[in-house]
Amino acid sequence: MADSPVASYSKTQIWLHWSIAALILVQFLAHDGMEHVWRSLRRGQEAAAGDWPLAYMHVVLGLAVLALATWRLWLRGTRGVPPVSGLEHPALRLLAQTTHFAIYALIFVVPISGAAAWFLQLPGAGLVHVVGKNVLLYLVLLHIAGALVQHFVLKTDVLRQMLAFRQA
Ligand code: HEM
Ligand code: HEM
């Protein structure tokens, strides 16, 4: 693990943050194909040919989230991340840290449970996947609200730092 906190996110950490966010957005917007194929498979029916490419895309992009999340967690452990800043109240700091921790957990739990449902045909894992993606959605909304409050109300540099794609 990294010994001392660093001052800012590295370029790679910033790219990983936004790549994972973009992939998750696509997963939420284009899940219909996967849902149709999954439902047909569960009922022992043929899925419509047009749904398969979207289902495969869901699998590939979801596994990409898992790979990037693993890289990101490794970087967090080896390089470190800046401490949560600009939040004076300990309760708000704790809320930000807890939200980050839970989002981290879910960017592993959601793709792993999806993969278990898909590759091992486990309906229970499918349930974990669906509940997990809902919790992830609400936490990300809270996270975005927090980032906007930090930027516009508390006037901190945190969002600007996360958007500074060219820093070292
Ligand atoms: C972070 C990555 C992922 C996100 C955000 C995500 C998101 C979603 C969403 C929004 C649905 C629709 C659920 C519904 O409302 O019924 C879904 C369904 C599903 N996903 Fe994913 N997914 C991810 C990764 C994966 C992976 C890697 C796989 C397989 C290898 C996978 C397999 C499935 C399956 C089988 C379903 C149908 C489950 C059901 O409806 O019970 N997902 N996913
Ligand atoms: C699915 C979408 C997103 C996910 C999964 C996500 C996840 C995370 C995680 C886990 C962290 C903690 C960083 C770390 O400790 O390694 C973080 C930090 C951050 N995120 Fe996001 N994020 C998402 C979307 C967004 C969006 C849309 C914004 C802007 C509105 C944003 C702004 C930030 C900022 C400013 C930080 C730095 C917070 C700090 O250091 O206090 N994120 N994000």
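Note that the structure is a prediction, hence the values are computed from the model and not measured.

Overview of helix α3 (residues 51-78)
Now for step 1: Spanning 28 residues, α3 covers 41 Å between terminal C-alpha atoms, matching the ideal 40 Å at 1.5 Å per step.
Now for step 2: G80, located one to two residues past α3, shows a positive phi value of around 95°.

A word on the coordination of the iron atom of ligand 1
Now for step 1: Those donors, H58 (NE2) and H129 (NE2), are the protein atoms that reach the iron atom of ligand 1, and they lie 2.0 Å from it.
Now for step 2: Around the iron atom of ligand 1, the 6 donor atoms sit at angles spanning 87 to 178°, and that spread fits a shape best called octahedral. Of this pair, H58 sits in helix α3 while H129 is found in helix α5 (residues 123-153), placing the two residues 71 residues apart along the sequence. The pair H58 / H129 is uniform in exposure class, with both members buried.

Brief notes about the site of ligand 1
Now for step 1: Of all residues adjacent to ligand 1, which total 20 residues, the nearest are W38, H58, G114, H129 and K133.
Now for step 2: In the model, an oxygen atom of ligand 1 is placed 3.4 Å from a nitrogen or oxygen of the E35 side chain.
Now for step 3: For ligand 1, an oxygen atom lies 3.1 Å from a polar atom in the side chain of W38.
Now for step 4: When residues of the shell around ligand 1 are traced back to their parent elements, those giving at least two are α1 (11-29), α2 (32-43), α3, α4 (90-120) and α5.
Now for step 5: Looking at the shell around ligand 1 element by element, the count peaks at 6 residues for α4.
Now for step 6: When its residues are assigned to classes, the shell around ligand 1 shows 12 nonpolar, 6 polar and 2 charged.

How each quantity is defined
Residues numbered from 1 in each chain as written. Chains lettered and ligands numbered in written order. Predicted model: local features only at pLDDT ≥ 70, side-chain atom pairs only at ≥ 80, totals over all residues. Heavy atoms only, no water. Helix = DSSP H or I, 4+ residues; strand = E, 2+ residues; numbered from the N terminus. Expected span 1.5 Å × (residues − 1). Donors = N, O, S within 2.8 Å, 3.2 Å for Na, K, Ca; no water. Tetrahedral: all angles 85-135°; square planar, octahedral: opposite > 155°, others 65-115°. Buried < 20%, exposed > 50% of the residue type's maximum accessible area, 1.4 Å probe, protein only. Near = heavy atom within 4 Å. Polar contact = N/O pair within 3.5 Å; in protein donor to acceptor, adjacent residues only side chain to side chain. Nonpolar A, V, L, I, M, F, W, Y, C, P; charged D, E, K, R; others polar.

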